[in-house]
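Read off the chains here:
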Amino acid sequence: QVLLVESGGGLVQAGGSLRLSCAASGRTLSRYVMAWFRQAPGKERDFVAAIAWSGGTTYYANSGKGRFTISKDNAKNTVYLQMNNLHPEDTAGYYCAARPWVYSERHTEYNYWGQGTQATVSS
């Protein structure tokens, strides 16, 4: 069992920044890939970024390249998503997820999910 708790969402103006956090606990995290997904009302849950807990390899969706950075703090068992130069279309619920070993951009392939945190970007 892996427990994930997100925080850090909020309301910002276009061009602003938010840093989302995902605190993880449970099984040996070094076996997992941690990812961020987002979902706007009426839309699919889309991949945003992922990081391998062991080794730190990162992966990004095109929508966030150059603006979003995923990172981790091993000592705190926490994964972060730094989001800069936010656009109104980035408005969504952001979810942290975990799956063992292999990176994937398909939300159906992730075993563990947090409750989500809302990020709203005003124009």
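Refer to the structure above for everything that follows.
These figures come from a predicted structure and were not determined experimentally. (Residues numbered from 1 in each chain as written. Predicted model: local features only at pLDDT ≥ 70, side-chain atom pairs only at ≥ 80, totals over all residues. Heavy atoms only, no water.)

Undergrad: Before we move on, could you go through the state of the cysteines and cite the residues and values that matter?
TA: Under the counting rule described, the total for this entry stands at 1 disulfide. The residue that forms a disulfide with Cys22 is Cys96, at a sulfur-sulfur distance of 2.1 Å. Its S-S torsion of about -75° marks the bond between Cys22 and Cys96 as left-handed, since a negative value means left-handed. Of this pair, Cys22 sits in strand E3 (residues 18-26) while Cys96 sits in strand E9 (residues 92-100), and the two are 74 residues apart along the sequence. Each member of the pair Cys22 and Cys96 is classed as buried. (Disulfide = S-S within 2.5 Å. Helix = DSSP H or I, 4+ residues; strand = E, 2+ residues; numbered from the N terminus. Buried < 20%, exposed > 50% of the residue type's maximum accessible area, 1.4 Å probe, protein only.)

Undergrad: Could you give an account of the environment of Trp101, with specific residues and numbers?
TA: Here Trp101 shows up in the loop between E9 and strand E10 (112-113). For Trp101, a relative accessible area of 62% puts it in the exposed group. Residues Trp101 and Leu11 lie 90 residues apart in sequence; the distance between their C-alpha atoms is 34 Å. Look past the residues within four positions of Trp101 in its chain and what remains in contact with it is Ser30, Arg31, Tyr32 and Val33. (Contact = heavy atoms within 4.5 Å.)

Undergrad: Can you lay out the pattern of salt bridges for me, pointing to particular residues and giving the numbers?
TA: Taken as a whole, this structure holds 3 salt bridges when the rule is applied. Between Asp90 and Arg67 there is a salt bridge; the shortest N-O distance is 2.7 Å. Note that Asp90 is positioned in the loop between strand E8 (78-83) and E9 and Arg67 in the loop between strand E6 (58-60) and strand E7 (68-73), a separation of 23 residues in sequence. For the residue pair Asp90 and Arg67, the accessibility class agrees, reading buried in each case. Linking Glu109 and Arg106 is a salt bridge whose minimum nitrogen-to-oxygen distance equals 3.7 Å. Each of Arg38, Arg67 and Asp90 takes part in one network of salt bridges that share partners. (Salt bridge = Lys/Arg side-chain N within 4 Å of Asp/Glu carboxyl O.)

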